[in-house]
Amino acid sequence: MTAAPRVGLVIVSHSDMLAGGVAELAGQMAPDVSVLPVGGTEEGGLGTDYGSVVEALADADSGTGVVVLYDLGSAKMTAEMAVESADDPSRYTVVDAPLVEGAVAAAVAAQGGASLADVAAAAEGASGETPAAAPSRPALHVVQDAVSAEVLLTNEVGLHARPAALLARTVAELDADVVVRYGDEEANAASVLALMGLSAPGGKSITVVATGKDAGEAVRRIEELAERGFDD
């Protein structure tokens, strides 16, 4: 069965190594998303190359559009010129977002099948400056009719990037609001960056609290992920 097309990502940087590293990290979060790096000049120096960005936009578009992230102002200018020259500029969105965090958040959203606008919003929300990007959740002690569980992190490194992305993708597929708590901190389980921010290490337990139609299934799937060691 062929996977549904997903929004693609293009990472534009003045450095080929930087673009490649960010794309590699984001790609680990989203195996079914096309994440293409474009870095450096045509001669291999520091800078940006308009033609390479144009090619990357076309290559990354599987039919649902492409979100473009950049590192510095002139890279933004190059990306915007490339978008403006496209046959249908509405299929491409250049976002103002922190490069690494934005790419990770966008990749996870795209992997979950989000629309072009929602993938762009996920990237922009990674700055922490957009309140709507991370809906506030009730404190755990006042959540009513919730399904909860203590979940042991059996993998060695705990909720680092890839396990956090797997957990967030699992939650995104269900009709449930899920909060994860470690120590005195709690995070919206739909946000990979918030989950990573808990710094929950392997061998420790997290508290998972879910509400909504699929609350029980959400907790069950998270427990299963942890039992498998998050496939690490």
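On a predicted model such as this, the values are computed, not experimentally measured, just so you know.

Reading the values: the criteria
- Residues numbered from 1 in each chain as written.
- Predicted model: local features only at pLDDT ≥ 70, side-chain atom pairs only at ≥ 80, totals over all residues.
- Heavy atoms only, no water.
- Helix = DSSP H or I, 4+ residues; strand = E, 2+ residues; numbered from the N terminus.
- Rg over C-alpha atoms; globule rule 2.2 N^0.38 Å.
- Buried < 20%, exposed > 50% of the residue type's maximum accessible area, 1.4 Å probe, protein only.
- Contact = heavy atoms within 4.5 Å.
- Areas by Shrake-Rupley, 256 points an atom, 1.4 Å probe, with all protein chains shown as cover.
- Lys, Arg positive; Asp, Glu negative; His and termini not counted.
- Charge placed at Lys NZ, Arg CZ, Asp CG, Glu CD.
- Axes fitted to C-alpha atoms, helices over the stretch in contact; angles between N-to-C directions.
- Parallel < 35°, antiparallel > 145°, perpendicular 65-115°, else oblique.
- Left-handed = near helix turned anticlockwise from the far one by under 90°.
- Nonpolar A, V, L, I, M, F, W, Y, C, P; charged D, E, K, R; others polar.
- Patch = residues over 30% accessible without salt bridge, like charges linked within 9 Å, V, L, I, M, F, W, Y side chains within 5 Å.
- Salt bridge = Lys/Arg side-chain N within 4 Å of Asp/Glu carboxyl O.
- Core = buried A, V, L, I, M, F, W, Y, C linked by side-chain atoms within 4.5 Å.
- Pairing = 2+ DSSP bridges.
- UniProt positions renumbered as here; feature names shortened; annotations may be inferred.

Participant: In this structure, what is going on with the overall build of the protein? I would like to understand it.
Facilitator: Of regular secondary structure, the protein possesses eight helices and eight strands. For 232 residues, the compact-globule formula gives about 17 Å, and the C-alpha radius of gyration of the protein, at 19 Å, lands near that figure. Structurally, the protein occupies a C-alpha span of about 55 × 40 × 30 Å along its principal axes. Burial status across the protein gives 43% buried among its 232 residues. For the protein, the share of sequence-separated contacts (at least 6 apart) that also reach a separation of at least 24 residues comes to 78%. Here the protein displays about 11200 Å² of accessible surface, and carbon together with sulfur accounts for 49% of that area. Of the charged side chains in the protein, 12 are positive and 35 negative; the average position of the first set lies 10 Å away from that of the second.

Participant: I'm lost on the packing of helix 4 (residues 99-111) against helix 5 (residues 116-125) in this one. Help?
Facilitator: Each pair of packed helices gets described by two things: the angle between the helix axes and the distance between those axes. One can describe the packing of helix 4 onto helix 5 by two numbers: an axis separation of 7 Å at closest approach and a directional angle of 150°. Taken together, the axes of helix 4 and helix 5 are roughly antiparallel relative to one another. Where helix 4 crosses over helix 5, the two elements pack in a sense that is right-handed. For the pair helix 4 and helix 5, contact is made by G102, A105, A106, A109 and A110 and by V119, A122 and A123, respectively. Residue composition of the contact of helix 4 with helix 5, by class: seven nonpolar, one polar and no charged.

Participant: Just to check I follow, could you spell out a negative patch on the surface for this structure?
Facilitator: A grouping of E42, E43, E55 and D59 is seen on the molecular surface, where their side chains present a negatively charged patch. With respect to the helices and strands, E42 occurs in the loop between strand 2 (35-39) and helix 2 (50-60). Given the relative accessible area of 67%, E42 is considered exposed.

Participant: Got a minute to help me understand the nonpolar core in this structure?
Facilitator: One recurring pattern in soluble globular proteins: nonpolar side chains tend to sit buried together. Ranked by size, the top nonpolar core spans 34 residues in total, and within it L159, L167, V178, L195, I206, V208 and F230 carry the most contacts. Elements with a contribution of two residues or more to this core: helix 4, strand 5 (147-152), helix 6 (161-172), strand 6 (177-182), helix 7 (192-197), strand 8 (205-211) and helix 8 (215-227). Considering each element in turn, this core owes the most residues, seven residues, to helix 6. If we skip the residues at most four places from it in the chain, I206 touches A149, E150, V151, L153, L159, V180, R181, Y182 and A200. In terms of nonpolar packing, the next biggest core, distinct from the first, is built from 24 residues, V7, L9, A23 and L116 among them.

Participant: How should I be thinking about the pairing of strand 8 in this particular structure?
Facilitator: Regular strands place their side chains on alternate faces of the sheet. Within strand 8, five of the seven residues are buried, leaving the element largely enclosed by the surrounding structure. Across six bridges, strand 5 lies against strand 8 in antiparallel orientation. Note on strand 8: the bridge partner recorded for V151 is I206. Of the strand pairs in this sheet, strand 6 and strand 8 are connected by five bridges, and their pairing is antiparallel. Looking across to strand 8, one finds that V178 is bridged to A210.

Participant: For this particular structure, what's the right way to read the sheet that holds strand 8?
Facilitator: Two modes of strand pairing occur in sheets, parallel and antiparallel, and in both the strands are linked by backbone hydrogen bonds. Reading across from one edge, 5-8-6-7 is the order of the four strands in this open sheet, with antiparallel pairing throughout. Two strands bound the open sheet, and with one partner strand each, they are strand 5 and strand 7 (185-188). Adjacent strand axes in the sheet meet at a mean angle of 25°, parallel and antiparallel pairs treated alike. Each of strand 5, strand 6 and strand 8 touches helix 8; the most contacted strand, strand 5, lies at about 5° to it.

Participant: I would appreciate a short explanation of the pairing of strand 1 (residues 8-13) in the present structure.
Facilitator: The buried fraction of strand 1 amounts to six of the six residues, a majority that puts the element mostly inside the structure. Of the two faces of strand 1, the one carrying G8, V10 and V12 and the one carrying L9, I11 and S13 are both buried. Bridge analysis of strand 1 against strand 2 gives five bridges, and the strand direction is parallel. When the bridges of strand 2 are listed, I11 appears paired with P37.

Participant: Sorry if this is basic, but what is going on with the UniProt feature "domain: HPr" (unreviewed entry) in the protein here?
Facilitator: Those places that UniProt annotates as "domain: HPr" (unreviewed entry) correspond, in this numbering, to residues 146-232. With 36% helix and 26% strand, residues 146-232 has its two end C-alpha atoms placed 29 Å apart.

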